[in-house]
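# Report on the structure
One letter stands for each residue in the lines below.
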Amino acid sequence: MTDPILEVEDLATRFYTDEGVVEAVDGVSFDLYEGETVGIVGESGSGKSVTAMSIMGLIDSPGRVEEGTIRYRGEDLLERSESGIREIRGGEISMIFQDPMTSLNPVYTVGEQISRVIRQHRDVSQSEARARAVELMGDVGIPEAESRVDNYPHQFSGGMRQRALIAMAISCEPEILIADEPTTALDVTIEAQIFDVLEELQETYGMSVILITHDLGVVAGTAERVNVMYAGRIVERADVDALFENPRHPYTRGLMRSIPRLHGSADRLEPIAGSVPNPAALPSGCSFHPRCPHATELCRGYDPELREVEPGREAACVHARGYGGPDERATGSGEPVAADGGDDDE
Amino acid sequence: MSLARYTLKRLLLAVPVLLGASVVVFGLVHLAPGGPVRVMLGPLQSEELVEQIRAELGLDRPLYVQYATWLFDAVQGDLGTSWTVQQGTPVTTIIAERLPLTVELTVLSMIVANLIAIPAGIISAVRQDESIDHAARIAALSGISIPDFWLGIILIMIFAVQFGFPWATGGWTPPWVDPVENLKQLLLPVITLGTAYSALIARMMRSEMLDTLSQDYIRTAKAMGIPSREVILKDATKNALIPVVTVIGVGLGQLMNGAILTETVFSLPGVGRLFIQAIARRDYRVIQALVLFVAVVFVFANLAVDVLYAYLDPRIRYEEGT
Amino acid sequence: MATDTDTTGTEADPSYESGEPPGTHRSQLEMFWREFRRNPLSLAGGVIIASLVLVAVFAPWLAPFDPTTQFNAPEGEHNPLAPGSTVIEENDNGEVIARHEALLGTDKFGRDVLSRLIFGLRTLLTVSLSVVLFSMAIGVTAGAVAGYHGDTWIDEGIMRFMDVLFSFPSLVLAIAALGVLGVGSTEYAGFVLPNLVKIIVVIGIVYIPSFARVMRGAVLKEMEEDYVDAAQSLGASDAHILVRDVSVNTVPTVVVQGTLYMGTAVLASAALSFLGLGIQPPRASLGLMLSNARSFLYSGEWWYSVFPGVVIVLAILGFNLLGDGLRDALDPRYDSEVSE
């Protein structure tokens, strides 16, 4: 197995606000291998976007990346200088965001904005950059790119703007593309088109993709491995099929149950009780326990780490089969702990 | 609609406004109790004299006839003859003599003010809440709170009296005759006139810059690896400047007001001081002409600013969607 | 570990609500007040204005002397006298009745500067407030009418008229009008127009368009929301709701606008007085004091030009700080939140 192209280890990003310290990202670790698509799934407030921004080095005061390492091709990005990170941004790791309507500068043409990114990272002339911009716009499926390159953003629809932003992001053939809710603001039909474009580009350029979303349906169709985030932590990690077949963490299960499915029984939708906790005042013990139908006394006091519960699967729940939590004989109506023993630490 | 159509539309809209303004101007003078002649002669002269002069000046004709004649002449550039300021001289000549000074004063003030205010606003926004921001904000706040005529007086007191600089003695040497002398004469007046205007622009620039810097497209530029300085100067500033341009139109009115006061304080022979003199001597033709002139300039300046705004913002220029 | 309650079951723990900051049930007014208090500048503005208003209201008790009383200078000296000088009060026969101290000196007529400052401030604030109230009243009414009859000739007519008013820089029109109509009270076909009223109208008239535009915008927006056909005649209850909704939406903006205009009005009325077109002597007028001070610039009587100016600056500064603070409190700046 080759080394991962990106290794995030124990990342912690905190925001110092008037209301207290917010631990937006609280010990997150994951890997990204070359050519694969990894999903990060979670609701608003789970820390998924902050994770991405931390990787890109875009965290501004009052936030700070305080702990952990972000290893890109073996080198810790957090050790790089500001100008060093700028080289990486857009050149080797690119990001596209959720709001195509407002993410383009209204007073410059789309062509100018794409060309300028190209010239930032590559030593080419203005006309060469412009020609490349036209090419890229064609690649992402913008019709009549030759003439539209001189149009202003307000002359494009939302879907077209997102394509332009994708063109901008891949213009320098980055190794990694981070897509933060790229289609949340778009219609479902446009959404499918955007993902087609992304898939095509991924193949052409051999990019690795981190897809951030709250939409399980999107993840099911595009990612190979999935991280589920809750309250600043990863609470479950698995290959996409395994995750959907048999989610181990109660939160993941709750997510699955709360979305409608085309097949399967027409049971009632069950939203997860309660709401996302205030990041400045997280619950004690397991962050999810106030909303968890399987929570026990143990969960109130013990904060479970992400741990392998099966080869290739990890979960952060004492009641997940195979977890081997501190109290094997869990009381209450929890899932029975695996009989084939786990560790007996803590 | 295209820029040309927009300009035309605004021009057409300006016509009734200007007509209305001319009515106001005309009505103003003729509304005075006793009529303009009484205003001119003052309350002490006899009624017969008033009647006699009225007939002489054609002021006994019906009002609408007078208005039409006046307007007709005015459009052709004939604003009548001065009665008391400089008897017998055409009003247009009197204004033309004094106009260059006022124009120089106003334009210089505008340029200097913007040269200071725009960078100050940008820096203030970029370094929000740091000490330089606080200092700049306090300076700007003071700038808009100090009346220009008082500032002029204080400046005279400090520089002319305490330090004995023989500036601010009144009079004007055109820059093409003696640029150094000209600068000396205008230094204090430009500071006086430009301060409030500069403060206004700086505050606006800061506010717009802060707003722009929080926009998503700034995040995009940073995410693509563009250096901060370029993001501020290219991406943000161009957006922030657009609304600031409109403030220039508003500020022009302020400058005109200020010019009157500044010229009075520094005894500069410009159009502002002429206005005050005409008021004092009740030369109604001059008063009428000046107020009309000011209104016309102001209306056209605002129009130009609107057109400029439409030109700068591509969202207005190109109305097509996809 | 706590062992009291049972945490099993499917009920969510209600003590962990969503990420809203505590106390979101406070009324809008409380939130606004809290935001306002946090800003030291707006508090400073409030304090300044409150103090000035108090001084103005209690002028007759606070001023050491009557502002129009002319004192005589001691032997060998002449008015204007420096701050702290002794002044002499004489009766009609020229005999000395008393000696007083003029804390801030006297003007060229022997009148106590401090007293004139206090009364001058009173006049200034009164005039400015009247100006703003006048233009607000007319502007808001005109704007409301225009908005209600949106896009009809009534609307067009009113707004065109506003444009005409707006085509004059504020002082130019005021100066011309006062210059032409004359200062002091004006007789008008047997009807006397007091000087104060003339000043108020002449300054205030140029501020009307701003209030009108704000009001018109708000009314139009409101009409769009609730009524499909604006030409429909409204039932009494509908009109009542319209008025209430519009008021709630516009009162803050109008108040902020009004406060900021107070600063402008102070400036305008001081400027007019400076030019001799405003409050007439012997009434105390800060602008006129400054104008008189000009003849004493080179002879060193600095107090004459400094003090009145300082008072004017304080007033304008106070209103600006207050207005800024109000505006910021009503429309909190976007601060960097914990983004998702």
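Below is a summary of the structure that appears in this document.

Turning our eyes to something else, we now look at the sheet that holds strand E9 (residues 225-230) of chain A. Residues and elements named next belong to chain A. One open sheet holds the eight strands; their spatial order is E6-E7-E8-E3-E9-E10-E12-E11, and the pairing between them is mixed. Of all strands in the sheet, those with a lone pairing partner are strand E6 (93-96) and strand E11 (307-310), marking the two edges. Here the strands of the sheet are splayed against their neighbours by 25° on average, with no regard to which way each runs. Its contacts with the sheet put helix H1 (residues 48-56) on strand E3 (37-41), E6, strand E7 (176-180), strand E8 (208-213) and E9, and the angle it makes with E7 is roughly 150°.

Time to look at unusual backbone geometry. Phi is positive for A:Asp10, close to 55°, though the residue is something other than glycine. Residue placement: A:Asp10 occurs in strand E1 (residues 6-17). Since 12 C-beta atoms lie within 10 Å of it, A:Asp10 is described here as exposed. At B:Ser267, a position not held by glycine, the phi torsion is positive, near 55°. Counting through the fold element by element, B:Ser267 comes out in the loop between helix H10 (228-266) and helix H11 (271-280).

We now examine the interface of chain B and chain C. Facing the 38 residues of chain B at the interface are 37 residues of chain C. Taken together, the residues that form the side of chain B that touches chain C break down as 32 nonpolar, six polar and no charged.

In this fold, B:Val17 is placed in helix H1 (residues 3-30). Between the alpha carbons of B:Val17 and B:Ile94 there is a distance of 26 Å; along the sequence they are 77 residues apart. Discounting chain neighbours no more than four positions away, the residues touching B:Val17 are B:Val299, C:Arg160, C:Asp163, C:Val164 and C:Ser167.

Here we come to the packing of helix H6 (residues 131-145) of chain B against helix H11 (residues 303-330) of chain C. Two numbers describe how H6(B) lies on H11(C): the axes approach to 8 Å, and their chain directions differ by 125°. The angle between the axes of H6(B) and H11(C) places the two elements in the oblique class. As for the relative orientation of H6(B) and H11(C), their crossing is right-handed in sense. Where H6(B) abuts H11(C), its residues B:Leu141, B:Ile144 and B:Ser145 lie against C:Val313, C:Ile316, C:Leu317 and C:Asn320.

Cut-off values and rules
- Residues numbered from 1 in each chain as written.
- Chains lettered and ligands numbered in written order.
- Predicted model: local features only at pLDDT ≥ 70, side-chain atom pairs only at ≥ 80, totals over all residues.
- Pairing = 2+ DSSP bridges.
- Helix = DSSP H or I, 4+ residues; strand = E, 2+ residues; numbered from the N terminus.
- Axes fitted to C-alpha atoms, helices over the stretch in contact; angles between N-to-C directions.
- Contact = placed C-beta atoms within 7 Å.
- Buried ≥ 20, exposed ≤ 12 C-beta atoms within 10 Å, placed from the backbone.
- Nonpolar A, V, L, I, M, F, W, Y, C, P; charged D, E, K, R; others polar.
- Parallel < 35°, antiparallel > 145°, perpendicular 65-115°, else oblique.
- Left-handed = near helix turned anticlockwise from the far one by under 90°.

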